[in-house]
Amino acid sequence: MNLSITKTANPKPKPDPNNLGFGTLFTDHMLNMDHDPEKGWHNARIEPYSPFSLDPSTMVLHYGQGIFEGLKAYRREDGGVQLFRPEANFARFNRSADLLCIPRIDANQAIEHLKELVRLEKEWVPGAPGTSLYIRPTIIAADPYLGVRVSHHYRYFVILSPVGAYYPQGFNPVRIWVTMNYVRAVRGGLGEAKTMANYAASLYAGQRAHDQGYTQVLWLDGVERRFIEEVGSMNIFFVLGGTLVTPALNGSILPGITRDSVIKLARRWGMPVEERAVSIDEIFDAQAAGKLDECFGTGTAAVISPVGELKYGERAITISGNQVGPMARKFYDAITGIQYGLAKDPFGWITRL
Ligand SMILES: *Cc1c(COP(=O)(O)O)cnc(C)c1O
């Protein structure tokens, strides 16, 4: 493998696995790789985790040409470590790269390099229930230049962060604010890409939601502000009269891997699934007609996040009596069961180290 490894001389003490938050602690090593127009992607290397020195004119700092991914390594009961659907993450990484005019990386090689990094940091994969090692691959535009154009140089890096259980006090429904005034992305924009810009665009509405006591924003489409897109940084699902319904990937929604896993599980269980346009009015009408059984978000961090309340203008509805619904529970148990190696993996989603 063309990967050089330089080990740290000063390993850090491992944190208490029962007191991990999210995204504040990082392991001893990271992966770096550079791109230039002559050599393409080259010089893949594992090095001690350390700050970058960047010229203040570095393009990503000014124009946001960058992409990232988020996936996890899980500790099995037998002590082994495994990744969940890394091929899907690196395939999406390259689709994001296309949209941001960033040169693609070799996905198979990137997975091999990542496995090598996680193997080296194996002791950092926590073993307490619900904990994991969060993996953040990123690419940034690296030219020192203030003009607006596509960068010629890039840095790829991967950092690792041991993270705590998302639900230390158990699985709790969240309150969601449907924004009528702000939009995250529009078709033809960057909504399908996992890129910094979409997060910058989401902060203002997120703050307004927090001000009013809501955890997350439910985004509507940017044109008619009628059709549901996604929630915060998660995809969204409804159970309507026993059918699983989620907005179709229309060009402005992030194609979540947890979303895809939920759909594949539901189909395997024989549950009817619809990927289609879903208006906010349809959801409020279904609730009035007693047909809105459940609502939940999906994403790598929480896996499943049940929604207990939706607030839209002057109207607010309570869903599943503000309790965790049976389907939310069933998807959560099935996906985490595969991730931690407690259940069979009929889809080939697991990569063991
Ligand atoms: C990452 C992300 C998701 C969830 O994707 P997963 O692959 O399931 O983690 C959903 N929406 C947005 C905007 C995201 O960035």
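Residues numbered from 1 in each chain as written. Predicted model: local features only at pLDDT ≥ 70, side-chain atom pairs only at ≥ 80, totals over all residues. Heavy atoms only, no water.

**Digging into the packing of aromatic side chains**
Taken as a whole and assessed by the stated rule, the structure comprises 16 aromatic pairs. Ring geometry for phenylalanine 22 versus tyrosine 134: centroids 5.2 Å apart, planes at 65 degrees, classification edge-to-face. Highlighted residues: phenylalanine 22 in the loop between strand E1 (4–5) and strand E2 (29–36) and tyrosine 134 in strand E7 (residues 132–141), separated in sequence by 112 residues. According to the relative accessible area criterion, tyrosine 134 is buried, its value standing at 11%. (Phe/Tyr/Trp six-rings, centres within 6.5 Å; stacked < 30°, edge-to-face > 60°. Helix = DSSP H or I, 4+ residues; strand = E, 2+ residues; numbered from the N terminus. Buried < 20%, exposed > 50% of the residue type's maximum accessible area, 1.4 Å probe, protein only.)

**Digging into the domain arrangement of the chain**
Per the domain assignment, the segments of the chain are domain 1 (3–164) and domain 2 (174–339). Here the C-alpha centre of domain 2 lies 28 Å away from the C-alpha centre of domain 1. Between domain 1 and domain 2, the residue contacts involve 22 residues of the former and 19 residues of the latter. Interface area, domain 1 with domain 2, both sides summed: about 1,800 Å², of which 62% is carbon and sulfur. On inspection of domain 1 and its partner domain 2, the count reaches one salt bridge. Among the salt bridges present, the one from aspartate 260 reaches arginine 85, with a minimum N-O distance of 2.8 Å. Counting the contacts that link domain 1 with domain 2 gives 11 residue pairs in polar contact (both at pLDDT 80 or more). Of all the elements in the fold, those that place two or more residues in the side of domain 1 that touches domain 2 are strand E4 (66–68), strand E5 (71–75), strand E6 (81–84), helix H2 (86–99) and E7. Considering each element in turn, the side of domain 1 that touches domain 2 owes the most residues, six residues, to H2. Residue composition of the side of domain 1 that touches domain 2, grouped by class: 10 nonpolar, seven polar and five charged. (Domains from an automatic or database assignment. Contact = heavy atoms within 4.5 Å. Buried area = accessible area lost by both parts, 1.4 Å probe. Salt bridge = Lys/Arg side-chain N within 4 Å of Asp/Glu carboxyl O. Polar contact = N/O pair within 3.5 Å; in protein donor to acceptor, adjacent residues only side chain to side chain. Nonpolar A, V, L, I, M, F, W, Y, C, P; charged D, E, K, R; others polar.)

**Here's the deal with helix H3 (residues 107–120)**
Taking 1.5 Å of rise per residue, the 14 residues of H3 would be expected to cover 20 Å, and the 20 Å separating its terminal C-alpha atoms lies within 8% of that figure. Along H3, the positions that sit buried rather than exposed are Ala110, Ile111, His113, Leu114, Lys115, Leu117 and Val118. Among the residues of H3, the N-terminal cap falls to aspartate 106, whose side-chain oxygen and the backbone nitrogen of asparagine 108 are separated by 3.0 Å. (Expected span 1.5 Å × (residues − 1).)

**A word on unusual backbone geometry**
Not every positive phi belongs to a glycine, and arginine 225 is a case in point at roughly 50 degrees. Tracing the sequence through the fold places arginine 225 in the loop between strand E10 (216–220) and strand E11 (228–231). Of note in the backbone geometry, serine 320 takes a positive phi value of approximately 50 degrees without being a glycine. With respect to the helices and strands, the residue serine 320 is situated in the loop between strand E17 (315–318) and helix H7 (326–339).

**Points about the site of the ligand**
In the neighbourhood of the ligand, 14 residues make up the surrounding shell, with Lys194, Tyr199, Glu230, Thr258 and Thr300 lying closest. Contact distances for the ligand include 2.5 Å between a nitrogen atom and a side-chain N or O atom of glutamate 230. The contact in question runs from an oxygen atom of the ligand to an N or O atom on the side chain of threonine 258, over 2.6 Å. Bound to the protein, the ligand loses 96% of the 380 Å² it would expose on its own. Per-class residue counts for the shell around the ligand are four nonpolar, six polar and four charged. (Near = heavy atom within 4 Å. Areas by Shrake-Rupley, 256 points an atom, 1.4 Å probe, with all protein chains shown as cover.)

**Side note on the pairing of strand E15 (residues 292–299)**
Residues in a regular strand project their side chains so that they alternate between the two faces of the sheet. Across the eight residues that make up E15, a large majority, seven, are buried. As paired strands, strand E12 (residues 235–240) and E15 are joined by six bridges and run antiparallel to one another. Bridged to asparagine 235 within E15 is threonine 298. Two elements, E15 and strand E16 (residues 303–312), share four bridges in a ladder whose sense is antiparallel. When the bridges of E16 are listed, glycine 299 appears paired with valine 303. (Pairing = 2+ DSSP bridges.)

**Describing the packing of helix H5 (residues 257–268) against H7**
Interaxial distance between H5 and H7 falls to 11 Å at its minimum, and their mutual angle equals 105 degrees. On the basis of their axis angle, the class for H5 and H7 is roughly perpendicular. Residues Thr258, Ser261, Val262, Leu265 and Ala266 of H5 pack against Phe331, Ala334 and Ile335 of H7. (Axes fitted to C-alpha atoms, helices over the stretch in contact; angles between N-to-C directions. Parallel < 35°, antiparallel > 145°, perpendicular 65-115°, else oblique.)

**Quick look at the side chain of arginine 85**
For arginine 85, the position within the fold is in the loop between E6 and H2. Arginine 85 sits in the buried class, given a relative accessible area of 10%. Side chain to side chain, arginine 85 and aspartate 260 meet in a polar contact 2.8 Å long. Setting aside residues up to four positions removed in sequence, arginine 85 forms contacts with Ile257, Asp260, Ser261, Lys264 and Trp349.

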